[in-house]
Amino acid sequence: GRADRFCEWERPLVIQLAGDDIPAMVRAAQRIEHMCDGIDVNFGCPQTCAQLSNYGAWLLERDLAKSCAIVRALVEAVAIPITVKMRL
């Protein structure tokens, strides 16, 4: 598998996801779970593309409940660690 393409010194290997569609985020996490050591949710992107697609810092600032629901759903859906990228 793809996870075999990485050397031990490259670990931990974390893949970042971004979005606001909870079922889609869960499906994506489940598809990549076997390829990495953890999944990072992007709540830090301040770019216009994030605003237009309602993810990143824009989602965290405007809908904290949904942001928390995304993280909660991912934690429940996969067996690897979930982290969050955010800017202070």
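Each remark here, short or long, concerns the structure printed above.
It should be emphasised that the depicted structure is a prediction, and the values quoted were computed from it without experimental measurement.

Draft legend 1. Spatial organisation of the sheet that holds strand β3 (residues 82-85). Read across the sheet, three strands follow the order β1-β2-β3 without closing on themselves; strand pairing throughout is parallel. Of all the strands in the sheet, just β1 (14-17) and β3 have a single pairing partner and so form its edges. Averaged over all pairs of adjacent strands, the angle between strand axes in this sheet comes to 30 degrees, irrespective of strand direction. Of the pairings in the sheet, the one linking β1 to strand β2 (residues 38-42) comprises four bridges and is parallel in character.

Draft legend 2. Region of the structure containing a nonpolar patch on the surface. Judged by side-chain polarity, Val84, Met86 and Leu88 come together as a nonpolar surface patch covering roughly 370 Å² of accessible area. Inspection of the secondary structure assignment puts methionine 86 in the segment after β3. The class of methionine 86 is partly exposed, set by a relative accessible area of 47%.

Rules used in this analysis
Residues numbered from 1 in each chain as written. Predicted model: local features only at pLDDT ≥ 70, side-chain atom pairs only at ≥ 80, totals over all residues. Heavy atoms only, no water. Pairing = 2+ DSSP bridges. Helix = DSSP H or I, 4+ residues; strand = E, 2+ residues; numbered from the N terminus. Axes fitted to C-alpha atoms, helices over the stretch in contact; angles between N-to-C directions. Patch = residues over 30% accessible without salt bridge, like charges linked within 9 Å, V, L, I, M, F, W, Y side chains within 5 Å. Areas by Shrake-Rupley, 256 points an atom, 1.4 Å probe, with all protein chains shown as cover. Salt bridge = Lys/Arg side-chain N within 4 Å of Asp/Glu carboxyl O. Buried < 20%, exposed > 50% of the residue type's maximum accessible area, 1.4 Å probe, protein only.

Read these as spatial facts, not as claims about activity.
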